[in-house]
There are 2 protein chains.
Amino acid sequence: MLNAFLTFITEHQLFTPASRLLLTVSGGIDSVVLTELCRQAGFTFGIAHCNFQLRGDDSEADEAFVRALAHRCGAECYVRRFDAKTFAKNEGISTQMAARELRYPWFEELRQVHRYDYILTAHQQDDLLETILMNITRGTGLAGLYGILPKNGFIVRPLLFATRTEISTFLTQRRLTWREDSSNASVDYVRNRLRHDVIPTLRTINPNISAAAARLSERVKASETLLSAYTKGLEAEILQTDGATHRLFIAALEKQAAPLELLARWLSDFGFHYHQIKKIWTARNGQTGQRFFSSTHILTLDRGGWLVHPVQKPTEISYTLEEKDREIVYSEGCLQWVEVEKLSSEKNPNVAYLDADALAFPLTLRLWQPGDWLCPLGMQGKRKKISDFLVDVKVPRSLKGQVYVVESEGNIAWLVGFRGDERFKVNEKTTKILKFTKT
Amino acid sequence: MLNAFLTFITEHQLFTPASRLLLTVSGGIDSVVLTELCRQAGFTFGIAHCNFQLRGDDSEADEAFVRALAHRCGAECYVRRFDAKTFAKNEGISTQMAARELRYPWFEELRQVHRYDYILTAHQQDDLLETILMNITRGTGLAGLYGILPKNGFIVRPLLFATRTEISTFLTQRRLTWREDSSNASVDYVRNRLRHDVIPTLRTINPNISAAAARLSERVKASETLLSAYTKGLEAEILQTDGATHRLFIAALEKQAAPLELLARWLSDFGFHYHQIKKIWTARNGQTGQRFFSSTHILTLDRGGWLVHPVQKPTEISYTLEEKDREIVYSEGCLQWVEVEKLSSEKNPNVAYLDADALAFPLTLRLWQPGDWLCPLGMQGKRKKISDFLVDVKVPRSLKGQVYVVESEGNIAWLVGFRGDERFKVNEKTTKILKFTKT
C-alpha cells in the first residue's frame with residue numbers, strides 16, 4: 001500500500017518528499033489511512049479538522065479523536081468550528097454545500113498563513129467513480145468525465161490510486177481506529193443510490209471498475225489538455241478580441257472539422273449552455289441582429305460573424321415569444337408552449353396553463369425587475385410585488401437574480417417556475433388553453 | 001414523433017428524402033416503429049430480415065410477420081436463413097456474436113446488389129445509454145463513450161432520438177402489432193443487468209438520462225474529430241514513416257501538452273494497449289534496444305526515438321522475465337509473480353503456483369509454437385503436444401495464435417491461462433513457491 005501510494009505520487013508529480021503538506025482529516029476511514037500513509041512515508045505535515053457541529057456530541061468526539069491522532073503523529077493540529085446549519089439557512093443552500101463552501105477557504109487560509117505547499121484530501125477511487133457516474137447521469141460534456149483530479153491547483157488527492165475496499169483492508173491490517181465518517185452518514189440521496197445500488201451491480205460485471213474509471217478520467221483529462229492546445233492555436237483564425245467584446249468568424253469556423261464543438265468550447269466560457277449553442281449554430285445564416293443571452297453575456301448575429309459582449313444591465317435580457325415558435329431556449333433552460341384540450345391536475349411550478357384569449361402574442365420573456373407585480377393565483381386577485389413574493393416563498397438570495405417572467409402587453413402572466421396570474425387563469429369562458437412548460 | 005424523426009435525420013444529415021433505404025427489421029418493437037415512421041415519411045425502402053433459426057416455430061412466425069409487414073408497406077422483402085448455432089460453434093464464439101458477424105455482410109451485399117444508399121438499423125437512445133455504461137464498466141477510452149453513432153459509413157440509426165418508452169407509446173397509440181423481440185429475450189447477462197437494474201435506478205435521479213447520454217455521445221464524437229485533426233497536424237513533427245516502419249521522435253513528443261495521450265493515440269493503431277504504452281513512455285530514457293510487442297508490431301527503443309515495425313514471424317515475440325521485476329506487461333495483459341507461503345485452493349486458470357527451485361531465471365514468455373509440448377498437470381506426467389492440448393480444451397481457432405507459454409531452460413512450465421506442468425509442480429520438497437497471475 002505504501003509503495004502504491006508513493007508510486008502514485010511520483011507518477012502524477014503531486015509533490016516532492018520535501019513538500020509541507022496540510023492534511024484535511026475528518027476522522028473517517030479514508031482520512032485516517034491518508035494520515036497513516038503520510039506518517040509512514042515520513043512526510044512533513046499538519047492536520048486540519050472542521051467541526052461543523054452537525055451531530056452534537058458525535059461532532060465533539062470526532063474533534064477529540066483527530067486532535068489525539070495529530071498528537072500521536074507529532075503533527076500540528078488546526079481545528080475550526082463552523083455553524084454550518086445557520087450558514088446553509090442564510091444562503092438558502094444544503095448543509096452539504098455549506099460545509100463545502102466554508103471548508104475550502106479556511107484550508108487555503110491555513111496553507112498561506114502556515115506556509116504549507118499543498119492541501120491533501122482523502123478522496124479515493126470509488127469517490128471518483130461515483131462522481132463520473134453522477135455527472136453522466138445528470139448530463140455532462142467531456143469535463144464531467146474527469147471526476148476528481150489527482151491535482152487541481154494546491155489541492156492534491158494522493159489516495160486516488162486505492163479503492164474503498166483496499167483502504168478498509170489496510171486499516172484492519174494495521175489495526176487503526178477511526179470515527180464513523182459523518183460525511184458518509186450525511187451523504188446525499190443520489191450518491192447513496194450510486195454507492196449502494198448501482199456500483200455494486202456494475203462491480204459484478206467488472207470487479208476492477210474503479211481502476212477503469214480512474215484510467216478513463218486520466219485519459220479524458222489528457223485529451224482535454226490536447227483539445228485546449230488545439231483550440232488555443234485556432235483562435236488567431238477564428239476569434240478576435242477587442243476589450244470585453246469578442247468577434248467570432250463564421251466562415252473560418254465552418255472550415256474546421258467539428259465547428260459546433262469548437263463553438264461550444266468558446267461560448268461555454270461566456271455562460272451559454274450547449275442546447276443554446278446548437279440553436280446559435282443552426283441560426284448562423286439567419287437574420288442579422290438576432291440575439292441570444294446567457295446570464296452574463298449577449299451574443300448578436302452580425303454579418304459573417306457573432307459579436308459577444310458582457311450584459312451591462314439585466315434589463316437588456318429579453319426574448320420575444322412568437323406563438324408559432326412553440327419553444328424558446330434561454331439562459332435558464334427551455335420554455336415550450338402548446339395548445340391543450342384541458343388542464344391536468346398535476347401540481348408542477350414549472351408548468352402553467354394560461355388563457356390564450358387573454359394573451360397577446362408576441363409575449364416577452366425577461367428577468368423580473370424591481371417594481372414588477374402580479375396577482376398570484378390563489379390570492380383572490382390581490383396584487384403582490386414580485387420582490388415580496390420571492391421573500392415569502394423563501395427563494396435563496398443567490399437565485400433571485402435568475403427568475404424570469406412571461407409578460408403580455410406589460411402584464412405579468414407567469415412568474416416562471418413559481419406562480420401564474422389570476423388575470424390569465426383558465427376559466428369557463430376560455431376557448432383556447434396554452435400549456436407553458438419550463439424544462 | 002414523425003416530426004422529431006425528420007428533424008433528427010436533417011440535423012445529423014443521415015440521408016435525403018430521395019435516398020433508397022434498406023431497413024433491417026427483426027419484427028420487434030423498435031424495428032416495427034422504424035418501418036412505420038419511414039412509411040409515414042414517404043421514404044423509398046426495402047426490408048431485410050435475418051432468420052437465425054434460434055427459436056424454432058417462433059423464428060418462422062417472426063419471418064412471416066416481417067413478410068406481411070413488408071407487403072402492407074409495398075416494400076421489397078429480403079429474407080435469409082442462417083444457421084447461427086453451427087457457425088457460432090465452429091468459430092468458438094457466442095451465438096449473439098455469430099448473429100452479428102453473419103448479419104452485416106449480408107446487409108452490405110444487399111445494399112450493393114439492389115443499389116440502396118443506406119442500411120437503417122432500429123437502435124434507440126436506451127441502446128446507446130446501455131452501450132456507454134457497458135463500455136465504462138469494462139474500461140474504455142474516449143472512443144467507448146460514443147456508444148452508437150447516428151451514422152457510421154453506410155449504416156444509419158435514425159431512431160437514436162427516441163427512448164424505449166417513447167417508441168412503445170407511439171406503438172400503442174398507432175395500435176401497431178409486433179413480435180416479442182427475439183434479440184431482447186436473448187440479450188446477454190451484462191446488458192440485462194444494465195437494462196433492468198442499473199438504468200432504472202439512474203432514471204430516478206434523472207428521467208432524461210437517455211437524452212443526456214445521446215448528447216454526451218455527440219460531444220465526445222465531435223471532440224474526437226477535433227483530436228484527430230490535431231494529431232494529424234502534429235505528425236509531420238513527431239512521426240516519420242518509411243514503408244511499414246515508423247519512427248517516433250521522443251524530444252518532439254515531450255514538447256507537447258499531453259505527450260502520453262498523443263503516444264497512446266498513435267500506438268493503439270499498432271495494437272499496443274494503454275497499460276503497455278504507459279510502460280513504453282516511462283522507459284523512454286532507458287536502455288537502447290529495449291523491445292515491446294503487440295500482437296502485430298514490435299516497438300524498439302532507439303537513440304532519441306522509437307522504431308515501430310510489423311512482426312514478421314510470431315516467434316520474434318519474446319519477453320525476458322527477471323525474478324526481481326515481479327511483473328511484465330505484454331500484448332495479452334499483465335503477468336505478475338510473487339513468492340507465497342502456500343497454495344490457495346481456488347481453481348483459476350490464470351493463476352499458476354510453480355516450484356521456484358525447479359525454475360531457472362531469467363524465464364522466457366513467448367507465443368507457443370508448433371512442436372511445443374508439456375506434461376500437463378493431472379495427466380500422470382505424460383507428454384502432450386500443445387497443438388493437441390488446445391484442440392482438446394476447445395480453444396477457438398481465432399484465439400489459438402494468442403496463447404503464451406512461460407519457459408525455463410527450454411522446458412514449458414506454464415501454458416498461460418490453461419495448465420501448469422508436472423515438472424514444475426509444488427511438492428513436499430519445494431522450499432520456495434512462486435505464484436504467477438495473469439491479469
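Just so it is clear, the model here is predicted, and its values are computed rather than measured. (Residues numbered from 1 in each chain as written. Chains lettered and ligands numbered in written order. Predicted model: local features only at pLDDT ≥ 70, side-chain atom pairs only at ≥ 80, totals over all residues. Heavy atoms only, no water.)

## Focus on the sheet that holds strand S8 (residues 245-249) of chain B
Residues and elements named next belong to chain B. Taken together, the five strands give an open sheet; going across it, the order is S7-S8-S11-S10-S9, and neighbouring strands pair in antiparallel fashion. A strand with exactly one partner marks an edge of an open sheet, and here the two such strands are strand S7 (239-242) and strand S9 (291-293). Between one strand and the next, the sheet's axes are offset by a mean angle of 20°, whatever the strand orientation. For S8 and strand S11 (residues 305-310), the ladder comprises four bridges, and the chain directions are antiparallel. Paired with Leu248 across the strands is Trp306, a residue of S11. (Pairing = 2+ DSSP bridges. Helix = DSSP H or I, 4+ residues; strand = E, 2+ residues; numbered from the N terminus. Axes fitted to C-alpha atoms, helices over the stretch in contact; angles between N-to-C directions.)

## Here's the deal with the interface of chain A and chain B
Taken together, the contact between chain A and chain B spans 44 residues of the former and 43 residues of the latter. Summing the contributions of chain A and of chain B, the shared interface buries around 4200 Å²; its carbon and sulfur component is 73%. Contact with chain B buries area across many residues of chain A, yet Thr137, Arg219 and Leu226 of chain A alone supply 17% of it, more than any other trio. With a closest N to O distance of 3.0 Å, Lys278 of chain B and Glu218 of chain A form a salt bridge. Seen at the junction of chain A and chain B, the total is nine residue pairs in polar contact (both at pLDDT 80 or more). For the side of chain A that touches chain B, the secondary structure elements donating two or more residues are helix H6 (125-138), helix H9 (189-205), helix H10 (209-238), helix H12 (259-267) and helix H13 (274-282) of chain A. It is H10 of chain A that provides the largest number of residues to the side of chain A that touches chain B, a total of 14 residues. Residue composition of the side of chain A that touches chain B, grouped by class: 25 nonpolar, nine polar and ten charged. (Contact = heavy atoms within 4.5 Å. Buried area = accessible area lost by both parts, 1.4 Å probe. Salt bridge = Lys/Arg side-chain N within 4 Å of Asp/Glu carboxyl O. Polar contact = N/O pair within 3.5 Å; in protein donor to acceptor, adjacent residues only side chain to side chain. Nonpolar A, V, L, I, M, F, W, Y, C, P; charged D, E, K, R; others polar.)

## A look at the domain arrangement of chain A
If you check the domain split of chain A, you get domain 1 (2-221), domain 2 (243-312) and domain 3 (318-438). Distance from the C-alpha centre of domain 1 of chain A to the C-alpha centre of domain 2 of chain A: 39 Å. (Domains from an automatic or database assignment.)

## What to know about the relation of the copies chain A and chain B
The relation between the two copies of this chain is a rotation about an axis and a shift parallel to it. Once chain A has been moved 0.0 Å along the axis and rotated by 180°, it coincides with chain B to within an RMSD of 0.1 Å. Here the two chains are linked by the operation of a two-fold rotation axis. Taking C-alpha positions as the reference, the residue of chain A nearest the rotation axis is Val198 of chain A, at 2.7 Å. Looking at the interface residues of chain A, 98% of them are also at the interface in chain B, so both copies use one shared face. (Least-squares fit on C-alpha atoms with pLDDT ≥ 70 in both.)

## Concerning the nonpolar core
Grouped together as the largest cluster of nonpolar side chains are 169 residues, with contacts concentrated most on Leu267 and Trp306 of chain A together with Leu267 and Trp306 of chain B. Sort the elements by how many residues they give to this core and H10 of chain A lands first, with eleven residues. Apart from residues no more than four positions distant in its own chain, Trp306 of chain B is found in contact with His246, Arg247, Leu248, Ile250, Leu253, Leu263, Ile280, Trp281, Arg284, Leu299, Thr300 and Leu301 of chain B. (Core = buried A, V, L, I, M, F, W, Y, C linked by side-chain atoms within 4.5 Å. Buried < 20%, exposed > 50% of the residue type's maximum accessible area, 1.4 Å probe, protein only.)

## A closer look at the pairing of strand S10 (residues 297-302) of chain B
Residue and element names in this part refer to chain B. Summarising burial for S10: five of the six residues are buried, a large majority. Bridging between S9 and S10 involves three bridges; their strand directions are antiparallel. Directly across from Phe293, in S10, lies its bridge partner Ile298. Taken together, S9 and the strand that follows it, S10, pair antiparallel across an intervening segment of three residues.

## Focus on the UniProt feature "domain: Lysidine-tRNA(Ile) synthetase C-terminal" (unreviewed entry) in chain A
In the numbering used here, UniProt assigns the "domain: Lysidine-tRNA(Ile) synthetase C-terminal" (unreviewed entry) feature to residues 363-436 of chain A. Secondary structure content for residues 363-436 of chain A is 15% helix and 34% strand, while the C-alpha to C-alpha distance between its ends is 12 Å. (UniProt positions renumbered as here; feature names shortened; annotations may be inferred.)

## Details of helix H7 (residues 164-173) of chain B
Residue and element names in this part refer to chain B. Among all positions in H7, only Ile167, Phe170 and Leu171 are buried. One face of H7 carries all of its buried residues, which in axial projection span an arc of 100°. Turned more than 90 degrees off the buried face of H7, the exposed positions are Thr165, Thr172 and Gln173. Considering only its buried residues, H7 is in contact with helix H2 (29-41). At the exit of H7 stands Arg175, carrying a positive phi of roughly 50°. (Arc of directions from axis to C-beta.)

## Quick word on the UniProt feature "binding site: ATP" (unreviewed entry) in chain A
Residue and element names in this part refer to chain A. UniProt marks Ser26, Gly27, Gly28, Ile29, Asp30 and Ser31 with the feature "binding site: ATP" (unreviewed entry), using the numbering shown here. From its side chain, Ser26 meets the backbone nitrogen of Gly28 in a polar contact 3.0 Å long. Among the secondary structure elements, Ile29 is positioned in helix H2 (residues 29-41). Note on Ile29: relative accessible area 23%, which makes it partly exposed. Beyond its immediate stretch of four places on either side in the chain, Ile29 contacts Ile167, Ser168, Leu171, Trp178 and Arg179.

## Some details on H9 of chain A
Residues and elements named next belong to chain A. Here H9 is 17 residues long and its end C-alpha atoms lie 24 Å apart, about the 24 Å a rise of 1.5 Å per residue gives. Its axis deflected by about 40° at Ile199, H9 carries its strongest bend there, up to four residues before the proline Pro200. Three or more residues of H9 are buried, namely Val190, Arg191, Leu194, Arg195, Val198, Ile199, Thr201, Leu202 and Ile205. (Expected span 1.5 Å × (residues − 1). Bend = angle between axes of the 7 residues up to and from the residue.)

## Some remarks on the packing of helix H6 (residues 125-138) of chain B against helix H9 (residues 189-205) of chain B
Residues and elements named next belong to chain B. Across the interface, H6 lies against H9 with an axial gap of 10 Å and an inter-helix angle of 105°. Comparing the axis directions of H6 and H9 gives the class roughly perpendicular. Of the residues in H9, those touching H6 at Asp126, Asp127, Leu129, Glu130, Thr131, Leu133, Met134 and Arg138 are Val190, Arg191, Leu194, Arg195, Val198, Ile199, Leu202 and Arg203. Here the residues of the contact of H6 with H9 are counted per class, giving eight nonpolar, one polar and seven charged. (Parallel < 35°, antiparallel > 145°, perpendicular 65-115°, else oblique.)

## A look at the pattern of salt bridges
A complete count under the given rule lists 62 salt bridges over all chains for this structure. Asp197 of chain B is paired through a salt bridge with Arg193 of chain B; the nearest N and O atoms lie 2.7 Å apart. Highlighted residues: Asp197 of chain B and Arg193 of chain B, both in helix H9, separated by four residues, approximately one helical turn. Given a relative accessible area of 32%, Asp197 of chain B falls into the partly exposed group. Classification of Arg193 of chain B by relative accessible area gives partly exposed; the value is 23%. Through salt bridges with shared partners, a single ionic network connects Asp127, Glu130, Arg164, Arg191 and Arg195 of chain A.

## Topic: the environment of Phe43 of chain B
All names here are of chain B. Structurally, the position occupied by Phe43 is in the loop between H2 and strand S2 (44-51). Spatially, the C-alpha atoms of Phe43 and Thr16 are 9.2 Å apart, while their sequence positions differ by 27 residues. Not counting residues up to four positions away in its chain, the partners in contact with Phe43 are Phe5, Leu6, Ile9, Phe15, Pro17, Leu21 and Cys38.

## Remarks on the environment of Ala75 of chain B
Residue and element names in this part refer to chain B. By secondary structure assignment, the location of Ala75 is in the loop between helix H3 (57-73) and strand S3 (77-81). A relative accessible area of 12% places Ala75 in the buried class. Beyond its immediate stretch of four places on either side in the chain, Ala75 contacts Phe45, Gly46 and Ala70.

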